[in-house]
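Structural features, examined
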Amino acid sequence: MEKTATEFVKYLNTLHRCGGNNKNSTAESNHNQIFAHDILGPEDDLKEKIEYDLFHGDGKVLLTGFAGDGKTTLAQMLVEELTEGNSLNNPIEEFYIQKYNKTLVVIKDLSENRIQDNDEIVTRYLLNKQVSLLIVSNTGAVIYRMKEAYKLLKEPNKIAIENKILDGISTKNSDSYGTISLEDIKINVINLVKHDNIPTAKVILEKIVMHPAWDILDPSTDQYHPILLNIKALKQSYVRDRLFLMYQRLFEYDNRFTLRNFIEHFSYIITGNLKLEDKVNNPDDYLFYNNVFGSFESFDKKDIISNNITIIRNIRNQYFGTNISPTWKRAVWNKTDNTIYENIFEPFQPYFSYCRENGYSNGQNINRIKLYRLIYFLISPSCMNDVFLNSFLNSPGLSLWRKIQNNNNLTNTENIALFNNLRHTIKEYFAGLKLPANETGENKDKVYVTMSRRKNIRQSAQVVLGQFSWVNDTKVKIDVYKDFRGRNQFRLLRIKETSNKSFKSADFTNDDCISLLLPLPFLDFLLNANSGNLLDQNYQYFQKRLDFFKNEMIANQIDKELYERSNLLLVRLKPDRNLGDLNFELVDSNNNEKILEVH
Amino acid sequence: MADFYPEQSFKKSESLKDNNKNFEIAKVFGSRVFSEQSVLEILSEFLNVVKSDKDIKSKKSLDQKNTDFFPQIKLEDIDSLYYSDESNLKLKLFSLYICSADSSIHPAHSAYYEILRSKLNDKIDVTDNSKELDNNKVISILENLFMGFQGIGVNRDWCGQSFLPVREEFLAGETIWQGKKANDYKPDENDISKVFKYFQRSGHNLYARTGEVLYLEILAALNRDPSEIIDLLEGEFKGIYFSEEEKNPVYIRQELDKGLTNLLNNKSPKVLGDIANFINTTDKDTRLNSLNTENEKANSINIGWIPLNNWKYGYLIAVEMVRIFAVNMDVIEEIDMLENLIVLHNLRRFTFASSEYLGEKKPLIAIIDSDTKDTDLKEISRHSYRYCLNIINKVITELCENQSDVRKMNARYGTGAFTRWAKSIEFLVPKTGDYNKFVLTNGMLNCLISSTLRPNQQVSLDTFLEQLKYRFGMVFDNKGFNEVNRRIGKKQNIFSENTLDWLVKMLDESGYLIKLSDYVSLVKNVSIEQKN
């Protein structure tokens, strides 16, 4: 079969779930397709790691992850390489590996492989020091099998063995590697869930759009076919970068996708479930910037079929592009200003004009939505700015977050604005009182922590459990740290009251401070909270995080002074709209009686 | 002689059994577990016993005055146990008078309220006039502050209400204003000392002893031998996971002591308690706090009694409390969590003790998504609720000598209590109405996490659910729902899809869930550990 554009499109349409023929979505069938090897990149680092662990290391490897993460593909490739062409056909297979003069046993898909005495087989291979064992399976099945065999594996009970397995699988190393250490056995774990697959996905998309098949067109093919226009756009690296910024935003919000999910989405973005032979009346409905979000049936009724695609479903839940900044709206709809039009990728300018012409009517209009999407993906980098990106992707902290990914420091203005925003939100939450937007007054730099309130506690003044100075860079500062995936994230540091060091002290360590980690969703939540927008699905969780931080600050006061000190501090909102405190103290009077002194 | 202790309380109860229709029922659940007592009152009563000095008459050793939270003595060696309690009436009057039910306010209360404010006024010194304060404003701020700690009894008169137990000074025993009598005999009396006798302290109507039963169960449990705990975990409670430390009653006692001390003394400022005392004692001329009624031991309460066998439930809740105390949290959150736990424990006592009495399998509680439209699931949950009621009802029917009393006894000491408490924390919904189902609130989820896992501990979701099943009889998935069906004699099988999705989402949104693969998720208690 010749690798033409027409054939390539046919193949791509077997990778998504919109055409009723997604036969190549599983690794087993896709492995035999001629285009598969062109687009699926070898994960060399992982393969090398597995090979090393099998034949030089402890000899037992668990390769696990979500369905679609690429476990089977990876195992297939490895076996093919090690055995010069063999493939995996059975649940349990033994291979002699000449290179190492060792037997390799591969056990695949334990959950689908319900042979009665499986537990014993797995355990036997685990205990056999002579063979190299590769278990390719989802995590549940592994835990289940090993729990059942806890006695043979010399563990005291099921919970103990489960804890060890979970520790190994959930490792928070910056790579995806962990170890399950049992009494006599050490199993190296490669958990693809923990493996950052976005770089691999990037390579795959690049391979798809740069594939030579796109240059081999049937003479009858329409040169302006939406699929070809889509490829033209996606060949621009900045267009792909914007797509991946969207994925990154989803990823940071805990929407993790498997490689299968990515490939499915790429295929749909490119083809819109069309064939190259199809004649299309309304091509803009099939352009990639609309395909990213799934197809329309009408503006408010989303296409049910494309909703099957995991990434589309997740994107739709985020309502991207529905909350554009007013500055951009003004610029877009200003008829006398053509700057935006001129900066749109040229082949798509007619679509821009069409959507703008037809999007003037009042209220929500499908053309407005299309127009904002088109701008997001196709405006030249020189004309794009953070305000648009943040508002399009509903993430006020995104631009700052991107900055630190590239190891750039925030400007002084950005730093102060971020600090003030966070202080305001935290101060309101900790005090349990609403504060004016631009707080002034002597207590501006103080944060009061008061008792939690339940819905039925109503007090005009709150009992203060602790008060903390909140001046930037002296006791508190915003800092950047690397999370377990090796990505930079913001955090807020507050020096413990019990520490006498400053941020500039030479011997300052993280133990001298309490930290509030600010991954992107939480950062966005805090920034949104400041603008009164608290409608977030994770509200509970974020509240809890603030409570943890609060409790830790209280717990680290000097000598628990709060609980022993002789005065009671109340905080209330004063008539001048600033926070004020009141001190109550019991003192001895002249006649040996207590009096309550208030100041 | 059956195993019910303390013996003196039991014997007294036995001697009155002709008048006390609850007596036989109490032999299963303890004397007494009473539906009219609110959950906060159960907690307050429990804490009241914990922190009080105890006067113990023992069969084996000399009588002892004991200040321990949980004295080291076997329950079967205790002849009688008295504990002291305060009424804190002056503090209640000052703080709660203005939110008292109008109809119950007597002229003497109003008059004395003004006297209290005026006496307090004399003892306040505003030293900084720049804050535009005067004594009256300060008194109002204080009144509002303490009123904010109103815990229960919104529609009651001020003395029948309880504070949230944010410190030990806020704990007070039961006081009931006998308004009708007072209005009949002294309708226009302004002098509080003349209506003194209408404050009743010994009714056990609001503090009806359910908190005492909880205390006795834990006291009994903490004085068992470690080998008995191990036997329990290998026998009746097989499957329940306790760490090695948790199997040791000595460790549990230590940790409970620490946790309760923190709750009562260290989680809110000491001076808040001092000011509460200051208000309570500001007028030393009028005797109101230590009410002396016809009984000489007015301030000393003879505790109720329990079947000794129920110590095993006491051990479960003791371990669960210890786990909760290990979490660093605010006092108000902790009170909330303990209230949830107490409800779960009370429900567990009802279902476990009933099934043991009848020799039947323990009932299961089918918990479903509060928003589910699936009628099969709603039915299952409703059936599981009905089954719990049935099993309690069977016990009560068997124990009631006079069958005409069954309905009333159930309402007060059986099914009524089960339903009321479950509804009070929205574990059973709707609040009113018939089509009941078990659901989870976020507060309850927090409680289940913290009472199962210590901070930073993690287990698979399956193990977490398994522990909830063993400890409380809770089930969440098709397998469990089908088990419910088998228990109630139905052959139908439930094949609903994704019955766990809502729980997974809830755990995820609360930050407790880590997804490891399509099929395995970790449940981790992400709370921060309490440092002592």
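Overview of the structure. Here the structure is a predicted model, which means the values were calculated and not measured.

Details of unusual backbone geometry
All names here are of chain B. Y5 connects to P6 through a cis peptide bond whose omega is -5°. Looking at where P6 falls in the secondary structure, it is placed in the loop between strand 1 (4-5) and helix 1 (7-15). For the bond running from V429 to P430, omega is 0°, close enough to zero to count as cis. You can see P430 is positioned in the loop between strand 13 (428-429) and strand 14 (437-438). The residue R209 is not glycine, and still its phi comes out positive at about 95°. Here R209 shows up in the loop between strand 9 (199-200) and helix 8 (210-222). What makes R209 buried here is its relative accessible area of 18%.

Digging into the pattern of salt bridges
Considering all chains together, one arrives at 53 salt bridges over all chains under this definition. Close ionic contact of K123(B) with E593(A) constitutes a salt bridge, the shortest N to O distance being 3.3 Å. One end of the pair, K123(B), is in the loop between helix 5 (107-122) and strand 5 (124-126); the other, E593(A), is in the loop between strand 13 (579-588) and strand 14 (594-598), on a second chain. E593(A) sits in the partly exposed class, given a relative accessible area of 31%. Close ionic contact of E320(B) with R471(B) constitutes a salt bridge, the shortest N to O distance being 2.8 Å. Separated by 151 residues along the polypeptide, E320(B) in helix 12 (residues 311-325) and R471(B) in helix 18 (residues 461-472) bring together distant segments of the chain. The exposure classification of E320(B) matches that of R471(B), with both residues buried. Where salt bridges share partners, they join D284(A), D285(A) and K370(A) into one cluster.

Digging into the pairing of strand 18 (residues 521-524) of chain B
Along any regular strand, the residues point their side chains to alternate faces of the sheet. In the sheet, strand 15 (residues 458-460) of chain B pairs with strand 18 of chain B via three bridges, with the strands oriented antiparallel. From the neighbouring strand, S460(B) faces strand 18 of chain B, where its bridge partner is L522(B).

What about the side chain of S450(B)?
Residues and elements named next belong to chain B. With respect to the secondary-structure elements, S450 resides in helix 17 (residues 442-452). A relative accessible area of 1% places S450 in the buried class. Apart from residues no more than four positions distant in its own chain, S450 is found in contact with R323, I324, V327, M337, N525 and S527.

Reading the values: rules and limits
Residues numbered from 1 in each chain as written. Chains lettered and ligands numbered in written order. Predicted model: local features only at pLDDT ≥ 70, side-chain atom pairs only at ≥ 80, totals over all residues. Heavy atoms only, no water. Helix = DSSP H or I, 4+ residues; strand = E, 2+ residues; numbered from the N terminus. Buried < 20%, exposed > 50% of the residue type's maximum accessible area, 1.4 Å probe, protein only. Salt bridge = Lys/Arg side-chain N within 4 Å of Asp/Glu carboxyl O. Pairing = 2+ DSSP bridges. Contact = heavy atoms within 4.5 Å.

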